[in-house]
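Here is how the chains run, residue by residue.
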Amino acid sequence: MNEVLRIRGLSHDWGAKPALRDISFTLERGRFTALLGPNGAGKSTLISVLTGLIRPAPGVVTVMGHDMSRHARLALARMGVVFQQPTLDLDLSLRANLRLFAALHGLSRRAADRRIDEVLEILDIGARAEEKLRAMNGGHRRRMELARALIPAPELLVLDEPTVGLDAAARAAITAHAHRLAQAGTAVFWATHLADEIAPEDDVILLDRGRLRANGQATELAGDTPLAEWFLRETGGAPCPA
Ligand SMILES: Nc1ncnc2c1ncn2[C@@H]1O[C@H](COP(=O)(O)OP(=O)(O)OP(=O)(O)O)[C@@H](O)[C@H]1O
């Protein structure tokens, strides 16, 4: 099955304020898709809907064929999420954090340690596994949030502006890791307002004031125009600095 996520006719209002309007798109295995939009476009609202935190009205979200409104547990089991806010305990080591998370997913200690070692190798952080998170810089902490999201081997990886607050080198490193995960077969859904995190071959879903303005491969959408300029032109405002 190539289709990992299907969203159809999704809308959401915050009270009287419309936040999403009639959004439809599909994500496929092995693709890095940027959810690109300026501040207030609706990116976090969309991620809250697709992670089951809020119910769309109306709208349908299915993950690997499982309808989020009827079979949320099955849908969420196929998904890894990196939220904007940190979720790991700073006073535990990375391994202890991941063991706890693996246990919550029902993995035995042996299966957990096997999966933790795989994930640490994928993200190139095995050498730091026994250190407490508090001793690490922001870039490593973010990479460890990514490690946590990968423990259940998700087909869909959702990241809500995962580079906020990181310096240029840490931003480049985590962006490169996410692209490698897509090349290895995961559907990566990456919310950002920074066009330089997007490679020419990536897919882009452009969201602006709650509406889907464009959906396609970055090079096809922007043509010869640099993506950041195209983004500016399409949304009529300046992309915000990191
Ligand atoms: N919990 C909430 N209650 C009320 N309004 C909200 C809530 N969350 C978001 N909004 C409003 O919904 C709209 C979309 O916000 P959202 O946070 O989804 O955008 P975003 O693209 O993620 O923006 P940013 O890049 O600033 O995080 C905004 O007008 C925002 O003020």
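Here is what the cut-offs are and how they apply
Residues numbered from 1 in each chain as written. Predicted model: local features only at pLDDT ≥ 70, side-chain atom pairs only at ≥ 80, totals over all residues. Helix = DSSP H or I, 4+ residues; strand = E, 2+ residues; numbered from the N terminus. Rg over C-alpha atoms; globule rule 2.2 N^0.38 Å. Buried ≥ 20, exposed ≤ 12 C-beta atoms within 10 Å, placed from the backbone. Domains from an automatic or database assignment. Contact = placed C-beta atoms within 7 Å. Nonpolar A, V, L, I, M, F, W, Y, C, P; charged D, E, K, R; others polar. UniProt positions renumbered as here; feature names shortened; annotations may be inferred. Pairing = 2+ DSSP bridges. Axes fitted to C-alpha atoms, helices over the stretch in contact; angles between N-to-C directions.

For the protein, the count of helices and strands is eight helices and 10 strands. On C-alpha atoms alone, the protein measures out to a radius of gyration of 18 Å, which is about the 18 Å that the 2.2 N^0.38 rule sets for 242 residues. Reported as C-alpha extents along the three principal axes, the dimensions of the protein are approximately 50 × 40 × 35 Å. By residue count, 40% of the 242 residues in the protein fall in the buried class.

This part takes up the domain arrangement of the protein. Per the domain assignment, the segments of the protein are domain 1 (1-78 + 154-242) and domain 2 (89-153). Taking only C-alpha atoms into account, the centre of domain 1 sits 25 Å from that of domain 2. Taken together, the contact pairs 11 residues of domain 1 with 10 residues of domain 2. Considering every element that reaches the side of domain 1 that touches domain 2, the biggest residue donor is helix 6 (residues 168-183), with four residues. Its residues assigned to classes, the side of domain 1 that touches domain 2 shows eight nonpolar, two polar and one charged.

Once that is clear, we can look at the UniProt feature "domain: ABC transporter" (unreviewed entry) in the protein. Here, the residues flagged by UniProt with the feature "domain: ABC transporter" (unreviewed entry) are residues 5-234. Its end C-alpha atoms 25 Å apart, residues 5-234 is made of 35% helix and 27% strand.

Attention now goes to the sheet that holds strand 5 (residues 66-67). Spatially, 2-1-4-5 is the arrangement adopted by the four strands of the open sheet, whose pairing is antiparallel. The two strands at the open ends of the sheet, each matched to only one other strand, are strand 2 (17-28) and strand 5. Pairing geometry for strand 4 (residues 60-63) and strand 5, over two bridges, is antiparallel. From the neighbouring strand, Thr62 faces strand 5, where its bridge partner is Asp67. Helix 1 (residues 43-50) rests against strand 1 (3-14), strand 2 and strand 4 of the sheet, and its axis sits at about 120° to strand 1.

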